[in-house]
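# Commentary on secondary and tertiary structure
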Amino acid sequence: MRGALSQISTNSIRIPIFFQFISKTPTTQHNLHWFCSQLHQNKPINVINSQNSLSQSANSYISLLKQCTDQKSLTQAKRIHLHMIEFGFPYLSLGNKLIDTYLKCGSIDHAQKVFDEMPQRHIVAWNSMISSYIRLRRSKEGLRLYEKMLPEGIIADQFTFSSVFKAFSDLGLLYEGRRAHGRLIVLGLEVTNVFIGSALVDMYAKFGKLRDARSVLDQIFEKDVVLVTALIVGYTQNGEDGEAIEVFGNMVHEGIKANEFTFASVLIACGNLRELSKGKLIHGVIIKSGFESVTASQTSLLSMYSKCGLVEDCLKVFDQFSNPNLVTWTAVIAGLVHNGREESALLMFCQMIRNSINPNAFTISTALRACSSLAMFEQGKQIHAHITKTGLDSDRFSGSALVDMYGKCGSIGMARLVFDSLVELDLVSINSMIYGYAQNGYGHEAITLFDQMRNLKLEPNDATFISILSACSNAGLIKEGHQIFSTISNNPNKEPTKDHYACMVDLLGRAGRLEEAEQLISQVKNPDIVMWRTLLSACRIHGNVEMAKRAAKNVLELEPEDDGTYILLSNIYALTGNWNEVIKMKASMREMRLKKDPAMSWVEVDREIHTFMAGDCSHPRATEIYEELERLIEKIKDLGYVPDTRFVLQDLDEMEKEKSLYYHSEKLAISFGLLSSVSSVGKTASIRIFKNLRVCGDCHSWIKFVSIVAGREIIARDAKRFHHFRDGYCSCGDYW
């Protein structure tokens, strides 16, 4: 044996003489280094036979183990443990101290070995092991130890229960959690103890059992901030934001000082409810309490202001951060996207990366949502490259966001490639793919994917049905749409929502089955404005004035100042040549101070958005754009293009009508796209344009001809769907 010891007697204890040295030296750190050097050099150490020396040795070992704990030195702790064993010191007498040292040095497995060898284990050792397993998210192992306590005659105490309640919530074991609550009561431990109460409130809140959580809190006479905050967080996470604000008010009234987590949670509740006035009051309390510079409070403040629509206040809070972290950057980016400031959000995203802050999956999906809203295809592709570079391409949130982005940018092939590369398919990714198919007119492909959900054992939700019904509507698949709608109607556990009915009205209305669509609306109790407006749009397509009047009447009864209804009805009158009614409608709109949103089209060139309105001359290259437009018109006229003046909604002579058609916003955007792409990406890349309103019939015909003379694919997204123009044909089959 290393460091051989002389045997004194059977009852003697072998004590290393180095402890005498330890007691005379000034620093424990010196002792630890000296001891480890002796052990490393394999030098023998003499022993003495003395009970006093045994006690002195134990104290010295404790001192050395404390030094290991302070230095987080697992290696030295194992050496001291080994020395205890080799030189015969009864190390199990220091079992609790060894377990504590190993745990604090990050080795729960070494602690478990010591625990297993101890003949008698104090409740302190049990609690240390159980709480450590649960803290390390090894909750199952922690609960296994908890279940062994009772058979071994160990009675759980308040520290045990405070740990295991967290484990039950982590593992979703509500029944077992309730049973432990019952055992706690049987053991006579007071639930009124704030320590146990906080753990119980947190557990019940995470299970969504907020009545139980509130009942526990009400039993506790002396509440503290941890307890009350646990309930506030529970209410916020379960969508009961009003209750969260009420509990916070009671907390302030009872004189309990909030901490940063309390403020963060109650501000989230204010943001969700758009309670700006209460949010501002809490902001004042935060400043008064000195928490304004705390990251959690600041992040929740900027989220609250963004949800309430105060973007500038949100940015002011953000500017107060000296070193914003990932959570803060993500919050401000999400706030900008939420408020329709997508371009600013993308600039923030780029600035974040320049500041060496690596985005996570949620940041990425938020940035991609901004690209989707603006249909910024090139920017989206760059973010895709960043995702691949950082290894986030296997993340399902990033993957679903990519599918959504490519679908909304009209690149359904890329959307499918990303979709097929996903390791795990879930409802979000499938819904994104079905929606992409719907928007791009791939009705049959959407139905095939919808049918495959059964094989994947995924249950369609309301969003799935809206997407698949939209796919049927855009592709004119009336029979298939009826069948899918029937599966909802005939499901005893589900009933069609008003959005589902609106999709069916759109499907029937576009197909010209207006009477069926109106009859379907009559079956709905309290039909909403969306259904009637959808029917009104269908009446515009098919020129049914009488039904349009009935639909418009129902819309205006629900929302008297709905400007879209006046515009649609005016357009229907214009299409049918009823100019007197058009004049009356416009007079009514002027009297009510209603304004028509101008038609706008935009195109992305070199990662910059260029926006056009009809007859727009404000662009720096306007002269070149109009020259290119005139050149295109001359060429396509030779191919047989004739302006369709039926789509001019003004009472003009025929020549003026033709001229007004020439300068529609989508024609200007396409001309600029063709002009710019020659120098930037060559003559083969697709041209992508986007319009805020439905593309008119004349422009639809014009773009088909342009796709021939330019030899390019032109992808146009209007308010309803995508149109892919190639070689004189459109993917919609002239059905939109």
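Because the structure is a prediction, the values reported are computed rather than measured.

Moving on, we come to the overall build of the protein chain. Assigned secondary structure in the protein chain consists of 38 helices and 8 strands. Pairs at least 24 apart in sequence give 64% of the contacts found in the protein chain among residues at least 6 apart. Summed over all atoms, the accessible surface of the protein chain reaches about 35500 Å², with 51% contributed by carbon and sulfur.

Bringing the pattern of salt bridges into the picture now. Applying the stated criterion across every chain yields a total of 32 salt bridges. Across the pair E152 and R121 runs a salt bridge, and its minimum N-O distance is 2.8 Å. In this pair, E152 sits in the loop between α8 (139-149) and α9 (158-171) while R121 sits in the loop between α6 (108-117) and α7 (123-135), placing the two residues 31 residues apart along the sequence. Between R178 and D212 there is a salt bridge whose closest N-O contact spans 2.9 Å. A residue pair is termed long-range when its members are at least 10 positions apart, and R178 in helix α10 (residues 174-186) and D212 in helix α12 (residues 210-219) qualify at 34 residues. According to the relative accessible area criterion, D212 is partly exposed, its value standing at 24%. Connected through shared salt-bridge partners, D109, R138 and E141 make up one network.

Looking now at the nonpolar core. I99, M129, Y146, F165, I383 and L535 are the most contacted members of the largest nonpolar core, which has 180 residues in total. If sequence neighbours within four positions are ignored, F165 has contacts with G177, A180, H181, L184, I196, A199, L200 and M203. Y626, I636, L668 and F672 belong to the second largest nonpolar core, which has 31 residues in total.

Turning our eyes to something else, we now look at the sheet that holds strand β6 (residues 714-717). Here we have 6 strands laid out as an open sheet, ordered β4-β3-β5-β6-β7-β8, and mixed in their pairing. The sheet is open, and its two edges are formed by β4 (608-613) and β8 (729-730), each paired on a single side. Across 4 bridges, the pairing between strand β5 (residues 687-691) and β6 is parallel. Across the sheet, the residue bridging to I689 is A716, located in β6.

Among the residues of helix α24 (residues 412-421), I412, A415, V418 and F419 are the ones counted as buried. Along the long axis of α24, the arc covered by the buried residues comes to 120°, so they all point the same way. Exposed and facing more than 90 degrees away from the buried side of α24 are L417 and D420.

Before going further, it helps to examine the side chain of S473. Topologically, S473 is positioned in helix α27 (residues 462-475). A residue is classified by how much of its surface remains accessible, and S473, at 1% relative accessible area, is buried. Beyond its immediate sequence surroundings of up to four residues, S473 is in contact with D506, L507, R510 and Y735.

Let's shift gears to the packing of aromatic side chains. Each aromatic ring pair is described using two quantities: the centre-to-centre distance and the angle formed by the ring planes. Evaluation of the coordinates by the stated rule reveals 19 aromatic pairs. With centroids separated by 5.7 Å and ring planes inclined at 55°, the aromatic side chains of F263 and F291 adopt a geometry described as tilted. Of this pair, F263 sits in helix α15 (residues 260-273) while F291 sits in the loop between α16 (276-289) and α17 (295-307); the two residues are 28 residues apart in sequence, bridging distant segments of the chain. Relative to Y501, the ring of F485 has its centre 5.3 Å away and its plane inclined at 75°; by these criteria the two rings are edge-to-face. With a gap of 16 residues between them, F485 in helix α28 (residues 478-489) and Y501 in helix α29 (residues 498-510) connect regions that are remote in the sequence. By the burial criterion, F485 is buried, and Y501 matches it. What links up through ring pairs into an aromatic cluster is the set Y146, F161, F165 and F168. One Lys or Arg, R121, reaches over the ring of F115 and ends 4.5 Å from the middle of that ring. Over the ring of F377 we find R688; its NZ or CZ atom is 3.7 Å from the centre of that ring.

With their axes 9 Å apart at the nearest point, α17 and helix α19 (residues 326-338) run at an angle of 5° to one another. When the axis of α17 is compared with that of α19, the two are roughly parallel. Across the interface between the two elements, T295, T299, L302, S303, S306 and K307 of α17 pack against V327, T328, A331, V332, G335 and H338 of α19. Its residues placed into classes, the contact of α17 with α19 shows 4 nonpolar, 7 polar and 1 charged.

Bridging between strand β3 (residues 600-605) and β4 involves 6 bridges; their strand directions are antiparallel. Each bridged residue has a counterpart across the sheet, and for W602 the counterpart in β4 is T611. The turn linking β3 back onto β4 is made up of 2 residues, and D606 within it adopts a positive phi angle of 50°.

Reading the values: rules and limits
- Residues numbered from 1 in each chain as written.
- Predicted model: local features only at pLDDT ≥ 70, side-chain atom pairs only at ≥ 80, totals over all residues.
- Heavy atoms only, no water.
- Helix = DSSP H or I, 4+ residues; strand = E, 2+ residues; numbered from the N terminus.
- Contact = heavy atoms within 4.5 Å.
- Areas by Shrake-Rupley, 256 points an atom, 1.4 Å probe, with all protein chains shown as cover.
- Salt bridge = Lys/Arg side-chain N within 4 Å of Asp/Glu carboxyl O.
- Buried < 20%, exposed > 50% of the residue type's maximum accessible area, 1.4 Å probe, protein only.
- Core = buried A, V, L, I, M, F, W, Y, C linked by side-chain atoms within 4.5 Å.
- Pairing = 2+ DSSP bridges.
- Arc of directions from axis to C-beta.
- Phe/Tyr/Trp six-rings, centres within 6.5 Å; stacked < 30°, edge-to-face > 60°.
- Lys NZ or Arg CZ within 6 Å of the ring centre and 35° of its normal.
- Axes fitted to C-alpha atoms, helices over the stretch in contact; angles between N-to-C directions.
- Parallel < 35°, antiparallel > 145°, perpendicular 65-115°, else oblique.
- Nonpolar A, V, L, I, M, F, W, Y, C, P; charged D, E, K, R; others polar.

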